[in-house]
Every structure is written in C-alpha cells, then in structure tokens.
Amino acid sequence: MKSRNVFLVLLLVFTITLSVIIPILFAVNHVLEFVSNGDLVTYIISKSIVSIALIVVFISVVLGFYNHYFSVLSLYYTFALQLIPLANRGIAQLSRIDLLATWFWSINLIFTLVLLFVYVLLVVLYKNASDRHSAVAQQVKSKEIKVVDTDSCLDDDGNIKGPRNY
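Since this is a predicted model, take the numbers as computed values, not measurements. (Residues numbered from 1 in each chain as written. Predicted model: local features only at pLDDT ≥ 70, side-chain atom pairs only at ≥ 80, totals over all residues. Heavy atoms only, no water.)

Caption draft 1: Here's a closer look at helix α4 (residues 84-92). For α4, every residue scored as buried is listed here: Ile84, Pro85, Asn88, Arg89, Ile91 and Ala92. Along the long axis of α4, the arc covered by the buried residues comes to 165°, so they all point the same way. (Buried < 20%, exposed > 50% of the residue type's maximum accessible area, 1.4 Å probe, protein only. Helix = DSSP H or I, 4+ residues; strand = E, 2+ residues; numbered from the N terminus. Arc of directions from axis to C-beta.)

Structure follows, in structure tokens:
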C-alpha cells in the first residue's frame, strides 16, 4: 500500500474516532445538550449521514476510483460536512428560548437538509467535471514518438538525419 493510502486510512480512523469521542465527551460533561427530541433525532440522522459520507469518500479515494481533481475537493467538502452535527447542537440551544422552543427543531432540520443537498450537489458537479476532465485529457494526450537507436546523426549521404529520413 502506498504511503499516501496509509496516511488516508490513518486519517479516516482518526476522524471517525474523534467523531465518536466528541459526542460522548459532550454528553458526559453536559455541553450543548438537546432540549427537544426533534433536535436529538436531527442530530443523530445528520451524524449518521455525514459519517457514512466520510467513509464512502475515503474508500473511493484510497481505492483510486476518481482522479486527483475530484478526490481533493470531495475530501475538503466531506471534512467541512463533519461540522453539521456540531452546528445542530448549537442551533438546538436556541430551543431553550420559550418563543422558539415549539418550532425551532424544524429550522434545525431544514438547515441540515439544505447543507446536505448542497454537499451532494457539489459532489455530483465535481464528479461530472472530473469525468469531463479525464475524457479531454485522453483526447489531448500527446502522441509518443519512439526513440530510434543510431550510432550517427548522419545518413548515408552525409546529411543530418531528420524526422522524415527515418
């Protein structure tokens, strides 16, 4: 396995470990607790979706399914996507305000769905751009000219050999 792939696998393990440990630390220390069950359900669903997206993108990058152009951008967006559950916890704190408590979990859900939609849209767009880039790269690929072994640069008449004299 290449050192790049080993690094990516270690990064994946580290990220998933943090993804599991941070919510446990929040729960133990009573930091950013959930007020309503709607906020908790939104958090659990978004946490599951972003974790699955992280695993899928890492596996596709490590196995080399996509070119460098798509892989780097999708990794950046997937790392940014990992902040959605934390944002869900922060938005859930606004449910403590009495006027907002009855319907604010729905804003939290809409926020999550919009960000997930934008993520999927960006990944699909960059995947299409990556495919087009690969297709064009094949078309404009330079033709290989074989090297001719020769002892002299001169032909039989004493003229310098050129590409047409071969």
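Caption draft 2: Local environment of the side chain of Asp39. Position of Asp39 relative to the elements: it lies in helix α2 (residues 37-63). The exposure class of Asp39 is buried, given its relative accessible area of 0%. Reaching out from Asp39, the side chain makes a polar contact with the side chain of Asn108 at a distance of 3.4 Å. Residue contacts for Asp39: discarding those within four places in its chain leaves Phe34, Ala92, Ser95, Trp105 and Asn108. (Polar contact = N/O pair within 3.5 Å; in protein donor to acceptor, adjacent residues only side chain to side chain. Contact = heavy atoms within 4.5 Å.)

Caption draft 3: Helix α1 (residues 3-28), seen in detail. Along its 26 residues, α1 runs 37 Å from first to last C-alpha, staying within 8% of the 38 Å computed at 1.5 Å per residue. For α1, the complete set of buried residues consists of Asn5, Leu8, Leu12, Thr15, Ser19, Pro23 and Phe26. Following α1 by one or two positions, His30 has its phi on the positive side, about 55°. (Expected span 1.5 Å × (residues − 1).)

Caption draft 4: Representation of the packing of aromatic side chains within the structure. Scanning all chains against the criterion turns up two aromatic pairs. Considering the side-chain rings of Phe58 and Phe79, the 5.8 Å spacing of their centres and the 70° angle between planes classify their relative orientation as edge-to-face. Of the two residues, Phe58 is situated in helix α2 and Phe79 in helix α3 (residues 68-81); the sequence distance between them amounts to 21 residues. Judged by its relative accessible area of 30%, Phe79 falls in the partly exposed class. Summarising the aromatic geometry, the rings of Tyr77 and Tyr126 are spaced 5.7 Å apart at their centres and angled 25° between planes, so their arrangement reads as stacked. Note that Tyr77 is positioned in helix α3 and Tyr126 in helix α5 (residues 104-139), a separation of 49 residues in sequence. Taking relative accessible area as the criterion, Tyr77 reaches 26% and is therefore assigned partly exposed. For the cation-ring pair, Arg89 lies above Tyr43, with the distance from its terminal atom to the ring centre recorded as 4.6 Å. (Phe/Tyr/Trp six-rings, centres within 6.5 Å; stacked < 30°, edge-to-face > 60°. Lys NZ or Arg CZ within 6 Å of the ring centre and 35° of its normal.)

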